[in-house]
Amino acid sequence: MGCVSSNLFNHDDDFSQLGSSALSHHIVSLTSSTYGLLTLDPPPPPTTPPSRFTLGSIFPSSLSEPRSLWSDPKPLRSDPEVINSWELMAGLDADSFRFSPLPPPKPFSIRTPKTADKENSNPNRSVLVKGPLDRFESICPPGGENKLVLYTTSLRGVRKTFEACNAVRAAVENLGVMVCERDVSMDRGFREELNDLMEGKGRDAAVPPRLFVKGRYVGGSEEVLKIVEEGLLGEILEGLPKKRAGSVCEGCGEAKFLPCFQCNGSSKMVLVVKEEVVVGQRQGGGGTVVVRCPECNENGLVLCPICS
């Protein structure tokens, strides 16, 4: 067994001094229990640990040190660059150094009210001003030079036509203008009148509704509703007589028609004649004859004299 005060034997020591009492070394027998606990090799030399990766190893100065903005920057070049201007202008000719003068300013005139009146009073100067109705075809119904004439129908036989007439009528009346409505179902003369106006435009062109403004044909329901969506209907109807809001015709109550005052709506009249032979149908044994009333239409109606 080994003792606690044992030291390793160095091969450089002299073996002749082993017996001396002054020897600081002694021989120790090793056993299996102490052989694994002894280190025979000398310890390795101490090594310095690797330096840590910091920003200071990349940047020479500390980031915490403020830099002055007014400090003089280091010059990028040690020697200033010299540019020879004569070498740059060696290939230029003498004409290239000539500067062309600026063109003289154009004369201008100030437009005053007096000069504007002179221009407007010039008879040779023609000014073409187009209105919103100029783009429509010139087709004028009878008595519609300065009116809004709308051909409609009040029959509900064709629902699509009836609803289209109501839509156009409502769009026009919302702008507060007076409407001269001509119902083709109430008067045969209006239907024939519309057929004459739309002659040559196809069979469907005579189907109401049809709108005429100041002798211009605006169109049917599709054209009028498109103009309403674009917001141009107010400009087209500008200048037409206005209707007082909430006013109702005292004569017909906005029905536009009245029973005939001559035949009381029967469209027939009885005439008394002296001759025995009369042309037409004879009624009774006297000189009376039944004729058609010349004052009303086929339905015994006449136009209202107040709102027509």
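Residues numbered from 1 in each chain as written. Predicted model: local features only at pLDDT ≥ 70, side-chain atom pairs only at ≥ 80, totals over all residues. Heavy atoms only, no water.

Pro208 connects to Pro209 through a cis peptide bond whose omega is 5°. Inspection of the secondary structure assignment puts Pro209 in the loop between helix H5 (188-197) and strand E4 (210-213). Phi at Lys214 is positive, roughly 50°, even though this residue is not glycine. For Lys214, the location among the structural elements is in the loop between E4 and strand E5 (216-219). For Lys214, a relative accessible area of 30% gives the class partly exposed. A positive phi angle, close to 60°, is found at Asn264, a residue other than glycine. In this structure, Asn264 sits in the loop between strand E6 (257-259) and strand E7 (268-272). (Helix = DSSP H or I, 4+ residues; strand = E, 2+ residues; numbered from the N terminus. Buried < 20%, exposed > 50% of the residue type's maximum accessible area, 1.4 Å probe, protein only.)

Okay, the sheet that holds E5 next. Spatially, E1-E5-E4-E2-E3 is the arrangement adopted by the five strands of the open sheet, whose pairing is mixed. Strands with a single pairing partner mark the edges of an open sheet, and in this sheet they are strand E1 (137-138) and strand E3 (180-183). The strands touched by H5 within the sheet are strand E2 (148-152), E3 and E4, with E2 carrying the most contacts at an inclination of about 110°. Where helix H6 (residues 221-230) meets the sheet, it contacts E4 and E5, and its direction lies at approximately 85° from that of E5. (Pairing = 2+ DSSP bridges. Contact = heavy atoms within 4.5 Å. Axes fitted to C-alpha atoms, helices over the stretch in contact; angles between N-to-C directions.)

The next thing to look at is the packing of helix H4 (residues 159-173) against H6. Where H4 contacts H6, the axes come no closer than 10 Å and their chain directions differ by 35°. Read as a crossing pair, H4 and H6 show a hand that is left-handed. The segment H4 lies against H6, with Ala164, Ala167, Val168 and Ala171 engaging Ser221, Val224, Leu225 and Val228. Partitioned by chemical class, the residues of the contact of H4 with H6 number seven nonpolar, one polar and no charged. (Left-handed = near helix turned anticlockwise from the far one by under 90°. Nonpolar A, V, L, I, M, F, W, Y, C, P; charged D, E, K, R; others polar.)

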